[in-house]
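# Tertiary structure, described
Letter by letter, the chains look like this.
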Amino acid sequence: MITNSPNEKISLKAREISEAIFVSEEDPNQMPITKETKKRLQEINKDSILYKIDEKENLIAWVVTIPTSTELMDKFLSKEINEKELFEQTKPNTEYDALYLCAIVTVPEYRNKGYAKEMTLEAINRFEKTKDLKIFAWPTSKEGLGLLTTLEKETGRKIYLRID
């Protein structure tokens, strides 16, 4: 099951795993991984965080996205603003034409089964109003970069990358 409103236990587990991977508390350039951030992301759009959960309520994977503007995307890709500023400058209920793939995470025991790709495609599908939606990301691992390359090939869409 894919949902945008899991129970608190699932949400907390996703935040804990995300923080262990991204260590956002120690990096002022990253969007923080907190309960408040989750709330604000859901204010931006109810589908900004999607979770895949099995029939026994086990967390499998999740994707965090920020629907935003091409203007903010360009500033982020050119390193005029960081991820935290992108998040802060994206306002709830505004028109968007770009989608930032912020985090794509699979619980370790479920990796290499296609869940990351499934979740990312679902997220893009939920936000795609037109074929002009620009997709962008900041890959932080070789696995992430590999996933983005695969998604580009399978969808025939350009995914704009910020490479540090």
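Since this is a predicted model, take the numbers as computed values, not measurements.

## With respect to unusual backbone geometry
Unlike most non-glycine residues, Glu57 shows phi in positive territory, near 65°. Position of Glu57 relative to the elements: it lies in the loop between β2 (49–53) and β3 (59–68). Phi is positive for Asn93, which is not a glycine, with a value near 55°. Checked against the element boundaries, Asn93 lands in the loop between α4 (83–89) and β4 (98–106).

## A word on the packing of aromatic side chains
All told, the structure shown has six aromatic pairs when counted by the stated rule. Connected via pairs of aromatic rings, a cluster forms that spans Phe76, Tyr100, Phe136 and Trp138. The positively charged end of Arg162 is found above the aromatic ring belonging to Phe76, 4.5 Å away from the centroid. In this arrangement the basic side chain of Arg162 is found over the ring face of Trp138, its NZ or CZ atom lying 5.2 Å from the centre.

## Quick notes on the pairing of β3
For β3, the tally of buried residues reaches ten of ten residues, placing the bulk of the element in the interior. Where β2 meets β3, five bridges bridge the pair, whose relative direction is antiparallel. Bridge assignment links Ile49 to a residue of β3, and that residue is Val64. Hairpin geometry of β2 and β3 is characterised by an intervening segment of five residues between the two adjacent antiparallel strands and by a positive phi of about 65° at Glu57. Of the pairings in the sheet, the one linking β3 to β4 comprises eight bridges and is antiparallel in character. Looking across to β4, one finds that Val63 is bridged to Ile104.

## Overview of the nonpolar core
Ranked by size, the top nonpolar core spans 35 residues in total, and within it Tyr51, Trp62, Val64 and Tyr100 carry the most contacts. Contributing elements (two or more residues each) for this core: α1 (8–22), α2 (35–44), β2, β3, α3 (70–77), α4, β4 and α5 (115–127). The dominant element in this core, judged by the number of residues it contributes, is β3, at seven residues. The contacts of Tyr100, once residues within four sequence positions are left out, are Val64, Thr65, Ile66, Phe76, Glu83, Leu86, Phe136, Ala137 and Trp138. Formed by 13 residues, the second largest nonpolar core is a distinct cluster that contains Leu133, Ile135, Ala137 and Leu148.

Reading guide: rules and limits
- Residues numbered from 1 in each chain as written.
- Predicted model: local features only at pLDDT ≥ 70, side-chain atom pairs only at ≥ 80, totals over all residues.
- Heavy atoms only, no water.
- Helix = DSSP H or I, 4+ residues; strand = E, 2+ residues; numbered from the N terminus.
- Phe/Tyr/Trp six-rings, centres within 6.5 Å; stacked < 30°, edge-to-face > 60°.
- Lys NZ or Arg CZ within 6 Å of the ring centre and 35° of its normal.
- Buried < 20%, exposed > 50% of the residue type's maximum accessible area, 1.4 Å probe, protein only.
- Pairing = 2+ DSSP bridges.
- Core = buried A, V, L, I, M, F, W, Y, C linked by side-chain atoms within 4.5 Å.
- Contact = heavy atoms within 4.5 Å.

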